[in-house]
Amino acid sequence: MDNRQVIGSWLSGPRAAAEDAGVDFGYRGEQLGLPESGPGSIARPGRRLGALAVDWGLCLLIAYGLLTDGYGQATGNWALLVFFVLGVLTIGTVGSTPGKRLLGLRVVAEGGGRANPLRVLLRTALLCVAVPALTWDRDGRGLHDRLSRTIEVRI
């Protein structure tokens, strides 16, 4: 490596520097036995964030229109409660929230099939805390997915 590569490697991050050195990480989901692309592959962050935005917007509308008298701190608190209930009920029964369904995503258990209701409860509670959802592994799964042993995949 020449000095320009060494100095510039921190801009790309450690993964890019390791790949330049010849390390093969594989694709996202390879360790979980999932396909690289198409149905059943790990959901990309853009779709996941889009689904989260749709779900949060829906919960804000419900809280604003049905539960509070105007927009304020109480609306945000009620929206979080509605988000929690929406996540537990919809992921626990059909495997996806309205936002996930709209963007073609689904939550499944690590071994395949529907997620256990207790795992869905844990996943949704950790998602509401937000910090575990912002910590990702090399497969692109949040800590909330790893702890609840679930995977968000494309339909």
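Reading the values: the criteria
Residues numbered from 1 in each chain as written. Predicted model: local features only at pLDDT ≥ 70, side-chain atom pairs only at ≥ 80, totals over all residues. Heavy atoms only, no water. Helix = DSSP H or I, 4+ residues; strand = E, 2+ residues; numbered from the N terminus. Expected span 1.5 Å × (residues − 1). Buried < 20%, exposed > 50% of the residue type's maximum accessible area, 1.4 Å probe, protein only. Contact = heavy atoms within 4.5 Å. Salt bridge = Lys/Arg side-chain N within 4 Å of Asp/Glu carboxyl O. Axes fitted to C-alpha atoms, helices over the stretch in contact; angles between N-to-C directions. Parallel < 35°, antiparallel > 145°, perpendicular 65-115°, else oblique. Left-handed = near helix turned anticlockwise from the far one by under 90°. Nonpolar A, V, L, I, M, F, W, Y, C, P; charged D, E, K, R; others polar. Pairing = 2+ DSSP bridges. Polar contact = N/O pair within 3.5 Å; in protein donor to acceptor, adjacent residues only side chain to side chain.

1. Thoughts on helix α4 (residues 73–93)
Piece 1. Here α4 is 21 residues long and its end C-alpha atoms lie 30 Å apart, about the 30 Å a rise of 1.5 Å per residue gives.
Piece 2. The set of residues buried in α4 consists of Thr75, Ala79, Val82, Phe83, Leu86, Gly87, Thr90, Ile91 and Gly92.
Piece 3. Looking at the buried residues of α4, the elements they touch are α3 (45–67), α5 (98–102), β1 (105–109) and α6 (117–129).
Piece 4. Of the residues trailing α4, Gly95 is marked for its positive phi of about 90°.

2. Remarks on the pattern of salt bridges
Piece 1. Applying the stated rule across the entire model yields eight salt bridges.
Piece 2. In this structure, Asp145 engages Arg48 in a salt bridge whose closest nitrogen and oxygen atoms are separated by 2.8 Å. Separated by 97 residues along the polypeptide, Asp145 in helix α7 (residues 143–148) and Arg48 in helix α3 bring together distant segments of the chain. Exposure class is identical for Asp145 and Arg48. Each is buried.
Piece 3. Residue Glu110 pairs with Arg141 through a salt bridge whose shortest N-O separation is 3.2 Å. Separated by 31 residues along the polypeptide, Glu110 in the loop between β1 and α6 and Arg141 in the loop between α6 and α7 bring together distant segments of the chain.
Piece 4. The exposure class assigned to Glu110 is partly exposed, which follows from its relative accessible area of 33%.
Piece 5. Judged by relative accessible area, which is 3%, Arg141 ranks as buried.

3. Remarks on the packing of α4 against α6
Piece 1. Packing of α4 against α6 brings their axes to within 9 Å, and their N-to-C directions diverge by 150°. The angle between α4 and α6 falls in the class roughly antiparallel. The interaxial crossing formed by α4 with α6 has right-handed handedness. Taken together, the residues of α6 that come into contact with α4 (itself represented by Leu80, Phe83, Phe84, Gly87, Val88, Ile91 and Gly92) are Val120, Leu121, Arg123, Thr124, Ala125, Leu127 and Cys128.
Piece 2. A breakdown of the residues in the contact of α4 with α6 according to their chemical character gives 10 nonpolar, three polar and one charged.

4. Section: the pairing of β1
Piece 1. Within β1, four of the five residues are buried, leaving the element largely enclosed by the surrounding structure.
Piece 2. Pairing analysis gives five bridges linking β1 to strand β2 (residues 150–154), with the strands arranged antiparallel. When the bridges of β2 are listed, Arg106 appears paired with Val153.

5. Notes on the environment of Ser41
Piece 1. The residue Ser41 is located in the loop between α2 (14–20) and α3 in this model.
Piece 2. When the C-alpha atoms of Ser41 and Val153 are compared, they prove to be 5.4 Å apart, with 112 residues separating the residues in sequence.
Piece 3. In contact with Ser41, not counting residues within four places along its chain, are Pro35, Glu36, Glu152, Val153 and Arg154.
Piece 4. From its side chain, Ser41 meets the backbone oxygen of Gly38 in a polar contact 2.7 Å long.

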